Amino acid sequence: MYCLPPYIISLVMQEIMSDPHIAADGFTYEYEAIMAWLMKHNVSPVTKLKLQHSMLTPNHTLRSAIQEWRSRMTFSSA
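This write-up is about the structure you can find in this document. Worth saying up front: this structure is predicted, and the values here are computed from it rather than measured.

Points about the nonpolar core
Counting residues in each nonpolar core, the largest one holds seven residues, listed as Ala23, Tyr29, Ile34, Trp37, Leu38, Leu51 and Leu56. The leading source of residues in this core is helix H1 (residues 31-40), at three residues. The contacts of Tyr29, once residues within four sequence positions are left out, are Leu11, Val12, Met17, Asp19, Pro20, His21, Ala23, Ile34, Ser44, Pro45 and Val46. Ile8, Ile9, Leu62 and Ile66 belong to the second-largest nonpolar core, a separate cluster that totals six residues.

Now the structure itself:
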């Protein structure tokens, strides 16, 4: 059994992220999920407040942490 860090879970999809991006609300989302959300909404999925813009920024630090976590889980189950 392993401990799943909550910060690697997509706030929209509730699955482990593979392509995390930061939205204007400061929260990180799975890229595909937040893009689909932004096609229909101009508010944050978390705060429900209007977003200042729809630009997304890749969260490279979180992506690296997720990749490292996945590597440890693969290594520990081998």
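Quick look at the sheet that holds strand E2 (residues 28-30)
Ordered in space as E2-E1-E3, the three strands form an open sheet in which the pairing is antiparallel. Taken across any chain shown, the strands that pair with only one partner, and hence form the sheet edges, are E2 and strand E3 (57-58). Strand direction decides the pairing type here: strand E1 (residues 20-22) and E2, joined by three bridges, are antiparallel. Bridged to Ile22 within E2 is Thr28. Where H1 meets the sheet, its contacts fall on E1 and E2, and the angle it forms with E2 comes to roughly 95°.

Rules behind the numbers
- Residues numbered from 1 in each chain as written.
- Predicted model: local features only at pLDDT ≥ 70, side-chain atom pairs only at ≥ 80, totals over all residues.
- Heavy atoms only, no water.
- Core = buried A, V, L, I, M, F, W, Y, C linked by side-chain atoms within 4.5 Å.
- Buried < 20%, exposed > 50% of the residue type's maximum accessible area, 1.4 Å probe, protein only.
- Helix = DSSP H or I, 4+ residues; strand = E, 2+ residues; numbered from the N terminus.
- Contact = heavy atoms within 4.5 Å.
- Pairing = 2+ DSSP bridges.
- Axes fitted to C-alpha atoms, helices over the stretch in contact; angles between N-to-C directions.

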